Amino acid sequence: MANFINYQNRDDLMSKIHRIGQCITRGNGRSYGDSALSETYVSCLQHNRILGFDENKGIIKCESGILLSEIIEIFTPRGWFLKVAPGTKLITVGGAIASDVHGKNHHKDGCFSETVENIALMLSSGDVVQCSHRKNRELFLATCGGMGLTGIILEVSFSLKPISSKNIEQTTIKTRNLQETFDAFEEYADDTYSVAWIDCLSKGKLIGRSLLMTGEFSQDRNLQYVPKKKITIPFNFPSLVLNYLAVKSFNALYYASAKPGVSHQIVDLDSFFFPLDSINSWNRVYGSHGFVQYQFILPKNVSYEGLLKILKKISDKGFGSFLAVLKLYGKHNDNYLSFPMEGYSLALDFKMQKGLLDFLKELDQIVLEYEGRFYLAKDARVSKKVFESGYPKIEEFRELRQSNKMKDKFSSLQSKRLGL
Ligand SMILES: Cc1cc2nc3c(=O)[nH]c(=O)nc-3n(C[C@H](O)[C@H](O)[C@H](O)COP(=O)(O)OP(=O)(O)OC[C@H]3O[C@@H](n4cnc5c(N)ncnc54)[C@H](O)[C@@H]3O)c2cc1C
């Protein structure tokens, strides 16, 4: 049984930190992998106060347990939005920094850490230090993307961007194969947001056909944001429901639902940025054995070749995923373990079934062959060797943890598995 540690304030946390052994911080538990799993957790969720907002600079100061959804509800009607929004708003600011999350605009605006002005971090000693791009820079670079392994993020200042609407002007481009998908990404690379859904079971000449969605905030001055209503999946689907034929049919229907060529529509920000958040317990469609999320990124010069190889392997084998999301990424940042690099990333959800884990090991080898890497926030299975080959600064991260006694205090199932 896991041991949950809550705390009243800094002093209370400091005294508890001294008394407990190894632990990991928990945000809202939305990571797909084992990064927030440990025998002992420190929960930041109750610490969700906004501590200040500078209207001139758009800088918010808050406690780390606040959810992005809470920030959006308060600030959208006032004309502000997150500079970087991942595919779910149900995560904490602490979790956004620890995974250094990215959104549909990475090719333009980078990761969440690029919006951060300052972090107050509790170290294993219980001392609280401030770090930023300028102050205690090494600690900052290790903390952003560091999966809670450097300390407990207590408070954060980060910047928002001004918006004039809660709506997005969305363009949908329907492509017939992977080459057209890549061409469309490049043609629309000036658009702020872009993401493609790929039909990963299409074969032959149709391989890589997709719906690329790009978007910009509308200028219609409608800031009357009301969070989207949710529906709930009430029970685990029987595992036969999501078989090969079902995924193939879903993919074909979804692809057919878009108009040929290029189409335009206005959608609200929840539909554009956070489509899965409107379905409570969406994971139940995968049945009681659950699913495995598989996300990798490949350098740009080999992205097309590597992705073609991987998509061919998936469609030949028939391990279908109806959530197959392709994104374009811009330059990497200096953080030790942040996932993005300039290139393309594919994220897939595979229903857990016999043979899947061995199949994923085969895909891992292709990712390695093309010098790609895996995303810690989405991983519970890659080997130490596979993981570290994608991260050139891994040894610096390990040394920092060792020399600052972080390793004695902060550890997760993931950090143990990967020797972080
Ligand atoms: C539907 C869905 C869509 C997603 N889309 C994207 C996406 O588009 N882009 C993207 O980058 N990610 C995406 N993610 C992943 C998600 O954004 C990250 O896993 C995020 O870190 C989860 O935050 P959390 O608050 O739930 O943290 P948790 O899952 O609880 O923890 C995640 C990590 O953060 C650490 N942590 C949390 N709080 C703190 C703190 N206060 N101090 C120190 N460490 C802390 C934990 O130790 C752990 O290592 C998605 C996840 C889901 C479920």
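Just so you know, these numbers come straight off a predicted model, no measurement behind them. (Residues numbered from 1 in each chain as written. Predicted model: local features only at pLDDT ≥ 70, side-chain atom pairs only at ≥ 80, totals over all residues. Heavy atoms only, no water.)

Details of the site of the ligand
For the record, the criterion: Distances are taken per atom, and a residue is near a molecule or strand as soon as one of its heavy atoms is within 4 Å of it. Here a polar contact is recorded for every N or O atom pair within 3.5 Å, except that within protein the pair must consist of a potential hydrogen donor and a potential acceptor, and residues adjacent in sequence are included only if both atoms are side-chain atoms. Surface accessibility follows the Shrake-Rupley procedure with a 1.4 Å probe radius. Residue values consider only the protein chains on display as shielding. Helix and strand definitions here come from DSSP, where helices need a minimum of 4 consecutive H or I residues and strands a minimum of 2 consecutive E residues; each element is numbered from the N-terminal end. All amino acids are sorted into three groups, where Ala, Val, Leu, Ile, Met, Phe, Trp, Tyr, Cys and Pro are nonpolar, Asp, Glu, Lys and Arg are charged, and the leftover types, Gly among them, are polar.
Surveying the vicinity of the ligand reveals 35 residues, the closest of which are Thr-25, Arg-30, Thr-92, Ser-99 and Tyr-375. Backbone polar atom of Gly-29 to an oxygen atom of the ligand: 2.8 Å apart, as the coordinates give it. In the model, an oxygen atom of the ligand is placed 2.8 Å from a nitrogen or oxygen of the Ser-31 side chain. Bound to the protein, the ligand loses 97% of the 960 Å² it would expose on its own. Only β2 (24–26), α3 (93–98) and β9 (152–162) provide two or more residues apiece to the shell around the ligand. The residue inventory of the shell around the ligand, partitioned by class, reads 15 nonpolar, 16 polar and four charged.

Describing the pairing of strand β7 (residues 116–122)
Note the following rule: For the exposure calls, accessible area comes from a 1.4 Å probe over protein chains only, and a residue counts as buried if that area is under 20% of its type's maximum, exposed if over 50%, partly exposed in between. Pairing between strands is defined by DSSP: at least two bridges between them are needed.
Taken across its seven residues, β7 has five buried, putting it largely inside the fold. Pairing analysis gives six bridges linking β7 to β9, with the strands arranged antiparallel. Residue Val-116 lies in a different strand from β9, and its bridge partner there is Phe-158. Alignment of β7 against strand β8 (residues 128–131), held across four bridges, turns out to be antiparallel. If you follow Leu-121 over to β8, its bridge partner there is Val-129. Here β7 hands over to β8 after five residues, with Gly-126 in that stretch at a positive phi of 95 degrees.

Description of the domain arrangement of the chain
Here is the rule we go by: Domain limits in this description derive from either an automatic procedure or a database domain assignment. In what follows, residue pairs with any heavy atoms lying within 4.5 Å of each other are defined as contacts. Once two parts are brought into contact, the accessible area they lose, counted with a 1.4 Å probe and summed over both, makes up the buried area. Each reported salt bridge corresponds to a side-chain nitrogen of Lys or Arg within 4 Å of a carboxyl oxygen of Asp or Glu.
Per the domain assignment, the segments making up the chain are domain 1 (3–163 + 391–418) and domain 2 (167–387). Once you take the C-alpha centre of each, domain 1 and domain 2 turn out to be 25 Å apart. Taken residue by residue, the interface counts 50 residues in domain 1 and 49 residues in domain 2. Of the roughly 4600 Å² buried between domain 1 and domain 2, counting both surfaces, carbon and sulfur atoms make up 60%. Together, Tyr-32, Lys-104 and Tyr-391 form the three largest contributors to the area buried by domain 1 at its contact with domain 2, with a combined 22%. At the boundary of domain 1 with domain 2, the tally comes to three salt bridges.

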